[in-house]
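# Observations on the three-dimensional arrangement
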Amino acid sequence: MYNNLKTYKDKTYTGMRVGQSHHWNYDDGKWYETKVSPDEWLIKFNSLKTRFQAAPPNSGAKIGTKYHWYIIADQIATKLDSDTYMTKLSGYKFKIGHKRPNWKAFSYKYPEQPSYKERVIEILEKVIERLKSEESTDLSRFFK
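Below or above, wherever it landed, is the structure these notes cover. Here the structure is a predicted model, which is why all the values come from computation and not from measurement. (Residues numbered from 1 in each chain as written. Predicted model: local features only at pLDDT ≥ 70, side-chain atom pairs only at ≥ 80, totals over all residues. Heavy atoms only, no water.)

### Observations concerning the overall build of the chain
Of regular secondary structure, the chain possesses one helix and seven strands. Starting at the N terminus, the α and β elements of the chain follow one another as β-β-β-β-β-β-β-α. Among the 144 residues that make up the chain, the fraction classed as buried is 18%. Of all intrachain contacts in the chain linking residues separated by at least 6 positions in sequence, the fraction that spans at least 24 positions is 34%. With the model as given, the accessible surface of the chain reaches about 12000 Å², and the carbon-plus-sulfur share is 52%. (Helix = DSSP H or I, 4+ residues; strand = E, 2+ residues; numbered from the N terminus. Buried < 20%, exposed > 50% of the residue type's maximum accessible area, 1.4 Å probe, protein only. Contact = heavy atoms within 4.5 Å. Areas by Shrake-Rupley, 256 points an atom, 1.4 Å probe, with all protein chains shown as cover.)

Structural data, given as C-alpha cells:
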C-alpha cells in the first residue's frame with residue numbers, strides 16, 4: 001500500500017515503490033516519471049509548443065533548427081482528487097547548445113565550443129553560487 005513503510009538502500013520511506021512509473025496527460029503534452037529512489041524521479045516530457053502570436057515574417061531561426069536547454073526547476077503538485085494533480089513548475093532554462101539544419105551535430109560537439117558536460121557543470125556551479133548567496137531561507141523567489 002501507498003503509506004506502508006518501505007526501505008531502499010537502508011532508507012525508510014512511504015509512497016510509491018522505487019522503480020514504479022507514472023504517465024500523466026497534460027493538454028498537448030505527455031509527462032512520464034519513474035521513481036528511482038525514495039526522493040528521486042527520472043522525468044520525461046514531450047509536447048508541441050506554439051507561439052501565442054505568429055512570428056514576424058522572415059524572423060527567427062530556420063525550420064529544422066534545434067535548441068538544447070538545461071532546466072532547473074521547482075515543482076509543486078497539489079492533489080485535487082484521486083486521479084488529478086495541479087502542477088506548478090517554475091525555474092530557469094539555460095542554453096546548452098544549438099544545431100542549425102545543415103550542421104551534423106550540436107554546437108557543443110565542435111572543438112572550439114565548451115562540451116555538453118563542461119556547459120552543464122558551468123550552469124550548476126552558477127546556480128549553486130546563487131543559492132549560497134541568498135540570505136533568505138525561502139528560496140522560492142529564486143524560482144520565480
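### Focus: the nonpolar core
In terms of nonpolar packing, the biggest core is built from eight residues, these being Ile-72, Phe-94, Ile-96, Phe-106, Tyr-108, Val-120, Ile-123 and Val-127. Among the elements of the structure, β7 (84-99) and α1 (116-133) are those that each provide at least two residues to this core. The greatest single-element share of this core, amounting to three residues, is contributed by α1. Apart from the residues lying within four places of it in its own chain, the contact partners of Tyr-108 are His-68, Ile-96, Gly-97, Gln-113, Pro-114, Ser-115 and Tyr-116. (Core = buried A, V, L, I, M, F, W, Y, C linked by side-chain atoms within 4.5 Å.)

### Comments concerning the side chain of Ser-107
Along the chain, Ser-107 turns up in the loop between β7 and α1. With a relative accessible area of 8%, Ser-107 lands in the buried category.

### A closer look at the layout of surface pockets
In this model, the largest pocket occupies a volume close to 940 Å³. In this structure, the largest pocket is lined by 23 residues; those nearest its centre are Ser-47, Lys-49, Tyr-67, Trp-69 and Lys-93. Among the elements of the structure, β5 (40-47) and β6 (66-81) are those that each provide at least two residues to the lining of the largest pocket. Tallying contributions element by element places β6 first for the lining of the largest pocket, with six residues. The class makeup of the residues in the lining of the largest pocket is ten nonpolar, eight polar and five charged. (1 Å grid on protein atoms, 1.4 Å probe; cavity = no way out; pocket = protein on both sides within 12 Å on 5 of 7 lines; lining within 4 Å. Points joined across faces, edges and corners; volume = space filled by probe spheres on them. Nonpolar A, V, L, I, M, F, W, Y, C, P; charged D, E, K, R; others polar.)

### Quick word on the side chain of His-98
Counting through the fold element by element, His-98 comes out in strand β7. We classify His-98 as buried; its relative accessible area is 16%. Among the polar contacts made by the side chain of His-98, one reaches the side chain of Lys-95 at a distance of 3.3 Å. With residues up to four places along the chain from it excluded, the contact list for His-98 reads Lys-66, Tyr-67, Trp-103, Ala-105, Phe-106 and Ser-107. (Polar contact = N/O pair within 3.5 Å; in protein donor to acceptor, adjacent residues only side chain to side chain.)

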